[in-house]
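Chain by chain, the residues:
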Amino acid sequence: MTIEYQISLDELHEFNYRIELERGYDLVQAERAPKWTRLEHHQCSNCPLSQAVHSHCPAAVDLHRVIEDFQGLPAFKKAQVRVRTPEREYVKVVGLEEGLRALLGVIMATSACPVLGRLRPMAHQHLPFASNQEFILRAVSLYLARQYFNFREGRHADWELKGLVRLFQQLQLVNQAFWQRIHDTCEGDSNLKAFLTFFSMASSMTYSLETQLQKIRPLVMSAGEGLE
């Protein structure tokens, strides 16, 4: 399964990316990647990987082409972003920051990073240009679906979403480390702004889950008893 991104700023700046959703750690690609992708460079404090096995950060290796393509380009510049998934196609004219945020998100969630890889189910249901409300709704819905199957199959079911908060606490540590990686290598602001907004969406799940749940409650409850 693949997702394709085409980002067009003007005749001189058109970028195409093909993201394989089920991919592993590419040792050959890692050896060709720049120094800032090495595992020890701002390694995440919660990283479970060993430098003896992984010389480079899997997510950084996957991201470096995008980071370098957009280095120095202003975040406020408008771009046409076309996204093709197996089911449908999306096209939207957005600020470069928003287009990059969507692309960075799906690449990170499908990398060989064992922490980010826990977002892979969301990547398989990829929704580019998602609002914060949509992000929260999708994350909670997928998590609760998993708890339902845990319950049916005799395992512990976390209906209070405590595990979801722990997951996003771990993701926050990853995002903070990546912020430092990208900050070190970027001259412009587009990559930094895109990553900051991605980081902010993940942080909202950690600090104020109840507040976020109240924001999506009207969406879930507006149907009244129709789904009971």
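Described below are features of the structure shown in this document. (Residues numbered from 1 in each chain as written. Predicted model: local features only at pLDDT ≥ 70, side-chain atom pairs only at ≥ 80, totals over all residues. Heavy atoms only, no water.)

1. Here we look at the packing of aromatic side chains
Inspection of the entire model under this criterion finds 5 aromatic pairs. Relative to Phe149, the ring of Tyr148 lies with its centre 5.5 Å away and its plane at 65 degrees, an arrangement referred to as edge-to-face. Tyr148 gets classed as partly exposed once you look at its relative accessible area, which sits at 40%. Clustering of aromatic rings is evident, with ring pairs tying together Phe15, Tyr17 and Phe70. Positioned above the aromatic ring of Phe178, the side-chain terminus of Arg181 is 5.8 Å from the ring centre. (Phe/Tyr/Trp six-rings, centres within 6.5 Å; stacked < 30°, edge-to-face > 60°. Buried < 20%, exposed > 50% of the residue type's maximum accessible area, 1.4 Å probe, protein only. Lys NZ or Arg CZ within 6 Å of the ring centre and 35° of its normal.)

2. Quick look at the pattern of salt bridges
Taken as a whole and assessed by the stated rule, the structure comprises 12 salt bridges. Taking the shortest distance from any N to any O, the salt bridge between Asp69 and Arg65 comes out at 3.6 Å. In this pair, Asp69 and Arg65 are both assigned in helix H2 (residues 58–69), 4 residues apart and thus about one turn of the helix distant. The salt bridge involving Glu89 is made with Arg82; its shortest N-O contact spans 2.5 Å. Assessed through its relative accessible area of 42%, Glu89 is described here as partly exposed. Shared partners join several salt bridges into a network, and the residues in it are Glu4, Arg18, Glu20, Arg82, Arg84 and Glu89. (Salt bridge = Lys/Arg side-chain N within 4 Å of Asp/Glu carboxyl O. Helix = DSSP H or I, 4+ residues; strand = E, 2+ residues; numbered from the N terminus.)

3. Re the sheet that holds strand E4 (residues 89–95)
By way of backbone hydrogen bonds, the strands of a sheet pair with one another, either parallel or antiparallel. If you trace the 4 strands from one edge of the open sheet to the other, you get E2-E1-E3-E4, paired in antiparallel fashion. Whereas interior strands pair on both sides, the edge strands pair on one side only; in this sheet they are strand E2 (13–20) and E4. Strand-to-strand twist of the sheet, defined as the mean angle between neighbouring strand axes without regard to direction, takes the value 15 degrees. Where strand E1 (residues 2–10) and E2 come together, 8 bridges link them in antiparallel fashion. (Pairing = 2+ DSSP bridges. Axes fitted to C-alpha atoms, helices over the stretch in contact; angles between N-to-C directions.)

4. Quick word on the environment of Val106
Here Val106 shows up in helix H3 (residues 96–109). With a relative accessible area of 2%, Val106 lands in the buried category. A sequence separation of 13 residues divides Val106 from Leu119, and the C-alpha atoms of the two residues are 9.0 Å apart. Those residues in contact with Val106 that sit more than four places away from it in its chain are Ile3, Tyr5, Ile19, Leu21, Ala123 and His126. (Contact = heavy atoms within 4.5 Å.)

5. So, the packing of H2 against H3
In contact at an axis separation of 9 Å, H2 and H3 are set at 165 degrees when each is read in the N-to-C sense. On the basis of their axis angle, the class for H2 and H3 is roughly antiparallel. Where H2 crosses over H3, the two elements pack in a sense that is right-handed. Each of Asp62, Leu63, Val66 and Ile67 in H2 lies in contact with H3, whose residues at this interface are Leu100, Leu103, Leu104, Ile107 and Met108. The residue makeup of the contact of H2 with H3, split by class, is 8 nonpolar, no polar and 1 charged. (Parallel < 35°, antiparallel > 145°, perpendicular 65-115°, else oblique. Left-handed = near helix turned anticlockwise from the far one by under 90°. Nonpolar A, V, L, I, M, F, W, Y, C, P; charged D, E, K, R; others polar.)

6. Considering a nonpolar patch on the surface
On the surface, a cluster of nonpolar side chains totalling about 470 Å² of accessible area is made up of Tyr148, Phe149, Phe151 and Trp159. With respect to the helices and strands, the residue Tyr148 is situated in helix H5 (residues 132–152). (Patch = residues over 30% accessible without salt bridge, like charges linked within 9 Å, V, L, I, M, F, W, Y side chains within 5 Å. Areas by Shrake-Rupley, 256 points an atom, 1.4 Å probe, with all protein chains shown as cover.)

7. As for the packing of H2 against helix H6 (residues 162–185)
For the pair H2 and H6, interaxial distance at closest approach is 12 Å and the crossing angle is 35 degrees. Crossing angle aside, the handedness with which H2 passes H6 is right-handed. Of H6, the residues touching H2 (which contributes Ala59, Ala60, Leu63 and Ile67) are Phe178, Arg181, Ile182 and Thr185. In the contact of H2 with H6, the residues fall into 6 nonpolar, 1 polar and 1 charged.

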